[in-house]
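# Secondary and tertiary structure notes
This is what each chain is made of:
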Amino acid sequence: MKKINPFYEENFIPVNDSFKNWTELCSKPYDKGTAHPYTKTRVILMNGTEFEQNWFLHQFSRHCNNNELRREVANIRRHEQQQQKIIASLKPIDETDLETTIAYEQLAIDLTAILARHTEDENVRNALHFALLEDFDHLYRFANLLEMEQGIQARDLTKDYTEIMPGRPTISEHRHPFDGVNHFICNCMSDPFTKLATNIITGAEQQTMNYYMNIANFHNSELGRKLYTEIAMIEEQHVTEYGSLLDTNATWLECWVMHEYTECYLYYSCYEDETDKYIKDIYYKMYLEECGHLQKASEMLKKYEGKDWQSLFPCGGDFPELLKFEGNIDYIRDVLSSTVYLTKDREGYVDSRGLSSKDNFKKYNKQVNGGKSNDPAHEVIEKHIKSFGEDYRYEVDVYPIEELSDRAKDNTSVGR
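Residues numbered from 1 in each chain as written. Predicted model: local features only at pLDDT ≥ 70, side-chain atom pairs only at ≥ 80, totals over all residues. Heavy atoms only, no water.

The subject of this paragraph is helix α2 (residues 67–88). Compared with an ideal rise of 1.5 Å per residue, which puts 22 residues at 32 Å, α2 spans 31 Å between its outermost C-alpha atoms and is within 8% of the ideal. Among all positions of α2, only Leu69, Val73, Ile76, Arg77, His79, Glu80, Gln82, Gln83, Gln84, Ile86 and Ile87 are buried. Buried residues belonging to α2 abut α1 (37–62), α8 (252–273) and α9 (277–305). One side-chain oxygen at the N-terminal end of α2 lies 2.9 Å from the backbone nitrogen of Glu68; it belongs to Asn66. (Helix = DSSP H or I, 4+ residues; strand = E, 2+ residues; numbered from the N terminus. Expected span 1.5 Å × (residues − 1). Buried < 20%, exposed > 50% of the residue type's maximum accessible area, 1.4 Å probe, protein only. Contact = heavy atoms within 4.5 Å. Polar contact = N/O pair within 3.5 Å; in protein donor to acceptor, adjacent residues only side chain to side chain.)

See below:
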């Protein structure tokens, strides 16, 4: 693989050369009927990455007492805001909230699986595997709602890349807040891909959480509003779990450099992976702009903390293997078979079948769910079965968990 190092990118666009006018902020949307599923997921990923960067820089500024540094942060943040507007406008007006949601969940599933497959850190990989099965289940719930409300089969949107079937049932995903906190990594000790993975997945899941938090009350059915609300609560757990993986010993300036490096890596990966030439060109220009941001953040790290960027990247800053979207059907089936019954116990993972009624998970889950009829995610499946005679699925082989294989009866006990 050709070595790419954004710290040494000669064609970078200087920060003050990249402000855009209103016309430049409006992109040509993709065609929802012909766009590749992973074109849609990449747009969501980069929109979420820009959102994460903007709010990180706001928080940085609110915790900084040096106005000269805050001006530099504000300058970069304005650029990041403009980039976010360009990416966000790639979504077409005629794409419904549920159609967009299917792309959000396909992104969550395949991105998580890809990151898990390539990270060397067992702690991070376990966290990815754990939440993977829950996002997998969310796709299934929203797909059933989509067919009921809009008459659209989700496979027509995801194509053959991602199966649509139950994961760890949503009712089993509600856990005590204490169990959402994981061990954090150490940037100085971790391999480059693991550092990137924790940043990437935190931003991506935060974007999903924000989308569901905001879209819930705009959906045009009561059941859909309830489903978005419930899944948004699970996404809050995921953001807590993933965010707690980040290096808590890193300074604000070190985190800034890491954020910029992550954006460079993602934009270049998307540029290499994208099949739509118009969007591909946007990603490459954004990569060059982010290289300018990265070099400015590195300059600030040296100026205010006396540290070179190499202290964060002792191996030199070359990108590890680029992120490439692809199907992960066999991998996900393996994770499903081996971990569907797990739940969290503080920083660890335990088999839910061995827990007593006094454990935090059992007590919290019962408190939140009450009776089975109170759970919107399972009400969706029950209504679909009542209307169609079975749930909606796309499976390439026999379902691997017998307890979840019955298409005419929703299971509310696995993992609980």
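Once you've had a look at it, read on.
Counted according to the given criterion, the structure contains 27 aromatic pairs. Ring centres of Tyr38 and Tyr161 lie 5.0 Å apart, and the angle between their planes is 50°; on these two criteria the pair is classed as tilted. Of this pair, Tyr38 sits in helix α1 while Tyr161 sits in the loop between α5 (155–158) and α6 (192–215), and the two are 123 residues apart along the sequence. Given the relative accessible area of 31%, Tyr161 is considered partly exposed. Ring pairs connect the aromatic residues Phe7, Tyr8, Tyr261, Tyr265, Tyr268, Tyr271, Tyr284, Tyr287, Trp309, Phe313 and Phe319, which therefore count as one cluster. Positioned above the aromatic ring of Tyr399, the side-chain terminus of Arg393 is 5.4 Å from the ring centre. (Phe/Tyr/Trp six-rings, centres within 6.5 Å; stacked < 30°, edge-to-face > 60°. Lys NZ or Arg CZ within 6 Å of the ring centre and 35° of its normal.)

Let us now look at the packing of helix α4 (residues 122–150) against helix α7 (residues 222–243). One can describe the packing of α4 onto α7 by two numbers: an axis separation of 11 Å at closest approach and a directional angle of 165°. Viewed along their axes, α4 and α7 adopt a mutual orientation that is roughly antiparallel. Crossing of α4 over α7 shows left-handed handedness. Two secondary-structure elements touch here, α4 through Ala127, Leu128, Phe130, Ala131, Glu134, Asp135, His138, Arg141, Phe142, Leu145, Met148 and Glu149 and α7 through Leu223, Gly224, Leu227, Tyr228, Ile231, Ile234, Glu235, His238, Glu241 and Tyr242. Looking at side-chain class alone, the contact of α4 with α7 contains 13 nonpolar, 3 polar and 6 charged residues. (Axes fitted to C-alpha atoms, helices over the stretch in contact; angles between N-to-C directions. Parallel < 35°, antiparallel > 145°, perpendicular 65-115°, else oblique. Left-handed = near helix turned anticlockwise from the far one by under 90°. Nonpolar A, V, L, I, M, F, W, Y, C, P; charged D, E, K, R; others polar.)

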